[in-house]
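Fold and geometry: a report
For reference, the chains in residue letters:
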Amino acid sequence: IFYNEYKIANEEFLIIITNTNYKILIFYADVLQNNGKIEEAEKILNDLIKLAPNNFEAYLIMGYMEYKNNNFEAADKYFAKWLREKESLELTSF
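A short tour of the structure in this document, coming up. Please read these numbers as outputs of a predicted model, since none were measured by experiment.

1. Considering the overall build of the protein chain
Summing up its helical and strand segments, the protein chain has five helices and zero strands in all. Order of helices (α) and strands (β) in the protein chain, N terminus to C terminus: α-α-α-α-α. Out of the 94 residues in the protein chain, the part that is buried amounts to 29%. Considering only contacts within the protein chain whose residues lie at least 6 apart along the sequence, 39% involve residues at least 24 apart.

2. Focus: the pattern of salt bridges
Following the criterion strictly, the structure yields four salt bridges and no others. The shortest N-O distance in the salt bridge between Glu57 and Lys23 comes to 3.1 Å. With Glu57 in helix H4 (residues 56-68) and Lys23 in helix H2 (residues 22-34), this residue pair connects regions lying 34 residues apart in the sequence. For Lys23, a relative accessible area of 53% gives the class exposed. A salt bridge links Lys81 to Glu85; the nearest nitrogen and oxygen atoms lie 3.0 Å apart. Taken together, the residues span about one helical turn, with Lys81 and Glu85 both in helix H5 (residues 72-92) at a distance of four residues.

3. Examining the packing of aromatic side chains
Centre-to-centre distance and the angle between the planes together describe a pair of aromatic rings. Taken as a whole, this structure holds one aromatic pair when the rule is applied. Ring geometry for Tyr67 against Phe72: centres 5.4 Å apart, planes inclined by 65 degrees, an arrangement best described as edge-to-face.

4. Structural notes on the nonpolar core
Ranked by size, the top nonpolar core spans 16 residues in total, and within it Ile26, Ile44, Leu45, Leu48, Ala58 and Met65 carry the most contacts. Excluding residues within four positions of it along the chain, Leu48 makes contact with Tyr22, Leu25, Ile26, Pro53, Asn55 and Ala58.

5. Structural notes on the environment of Val31
Turning to its location among the elements, Val31 is positioned in helix H2. Given a relative accessible area of 33%, Val31 falls into the partly exposed group. Val31 sits ten residues away from Ala41 along the chain, and the two C-alpha atoms are 8.2 Å apart.

6. Considerations on the side chain of Gln33
Position of Gln33 relative to the elements: it lies in helix H2. Beyond its immediate chain neighbours, meaning those up to four positions away, Gln33 contacts Ile38, Ala41, Ile61, Tyr64, Met65 and Lys68.

7. Some thoughts on H4
With 13 residues, H4 ought to run about 18 Å at 1.5 Å a step, and its terminal C-alpha atoms sit 19 Å apart, in line with that. Residues of H4 that are buried include every one of Phe56, Ala58, Tyr59, Ile61, Met62, Gly63, Met65 and Glu66, and no others. One or two steps after H4, the chain reaches Asn70, where phi turns positive at roughly 60 degrees.

Here is what the cut-offs are and how they apply
- Residues numbered from 1 in each chain as written.
- Predicted model: local features only at pLDDT ≥ 70, side-chain atom pairs only at ≥ 80, totals over all residues.
- Heavy atoms only, no water.
- Helix = DSSP H or I, 4+ residues; strand = E, 2+ residues; numbered from the N terminus.
- Buried < 20%, exposed > 50% of the residue type's maximum accessible area, 1.4 Å probe, protein only.
- Contact = heavy atoms within 4.5 Å.
- Salt bridge = Lys/Arg side-chain N within 4 Å of Asp/Glu carboxyl O.
- Phe/Tyr/Trp six-rings, centres within 6.5 Å; stacked < 30°, edge-to-face > 60°.
- Core = buried A, V, L, I, M, F, W, Y, C linked by side-chain atoms within 4.5 Å.
- Expected span 1.5 Å × (residues − 1).

In structure tokens:
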């Protein structure tokens, strides 16, 4: 019972912070992947990419996770997207 309550509370927490601060989600996903919870981290990052497709940090962490799992082609795609989004942001932030 406690696990289900935690799971529900955890999902509600993510819904609340998704609308206010993407950096918290990035940090949370990074913590999850560093603790071996790759699937959970991927879900959060994929959801974040859907919500904020220009958030380059999500692509960086996804690329890193793919690289760690020897999925080099997928990692390359995420790193390329990260670089494009990062450069685009830098060009528009003058």
